[in-house]
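# Summary of the model geometry
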Amino acid sequence: LTHLLERTTQKELIKLEAYRLVQHPIIIHMDLDVLVLNPMDDVIDLMLDSARFKSQSKAEQQQLLSKLPIMWPEKEIPDEISLMFTKDYNVVAPKRHDKPYQGGFFMLKPSLK
């Protein structure tokens, strides 16, 4: 069992190599079982230039945020967004407040820092 756990952990940790792909502005990691149902343009634009989003009118900001499933909509969008991810709602009880990170889909800005 320990050997199997080590192999599984190693396979999951390889995803962190995406941070080393600094020649790209954004990396989108998707496991083979991920299905994208909507365009991701707004999410990518927000990651690439959150300052432009913040310079928009409140009405324009609300319109964009209504299309994005933001985890904490009451909090201010940060000046720099380096990682976006989803939660894994399928692996825990529905009443559990804290949901784990879904490692099968994430977007990040590569950095060696």
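Residues numbered from 1 in each chain as written. Predicted model: local features only at pLDDT ≥ 70, side-chain atom pairs only at ≥ 80, totals over all residues. Heavy atoms only, no water.

### Some words on the nonpolar core
Selection criterion: What we call a nonpolar core is a set of buried Ala, Val, Leu, Ile, Met, Phe, Trp, Tyr and Cys residues that are connected through their side-chain atoms within 4.5 Å. Exposure classes here rest on a 1.4 Å probe applied to the protein chains alone. A residue is buried below 20% of its type maximum, exposed above 50%, and partly exposed in between. Comment: elements are numbered from the N terminus, with helices defined as DSSP H or I runs of at least four residues and strands as E runs of at least two. Any two residues whose heavy atoms approach within 4.5 Å at even a single point are treated as in contact.
Judged by nonpolar contacts, the single largest core of 13 residues is most densely connected at L46, M47, F53, I77, I81, M84 and M107. Listed by contribution, the elements that provide at least two residues to this core are α2 (41-48), α4 (58-67) and β3 (101-108). Among the elements that make up this core, the one with the highest residue count is α2 (3 residues). Once residues within four sequence positions are removed from consideration, L46 is found in contact with F53, L68, I77, I81 and M84.

### Considerations on α2
Convention followed: The arc in question is the one traced by the directions running from the helix axis out to the C-beta atoms.
All of the buried residues along α2 are V43, L46 and M47. Axial view of α2: buried residues confined to an arc of 100°, hence all on one face.

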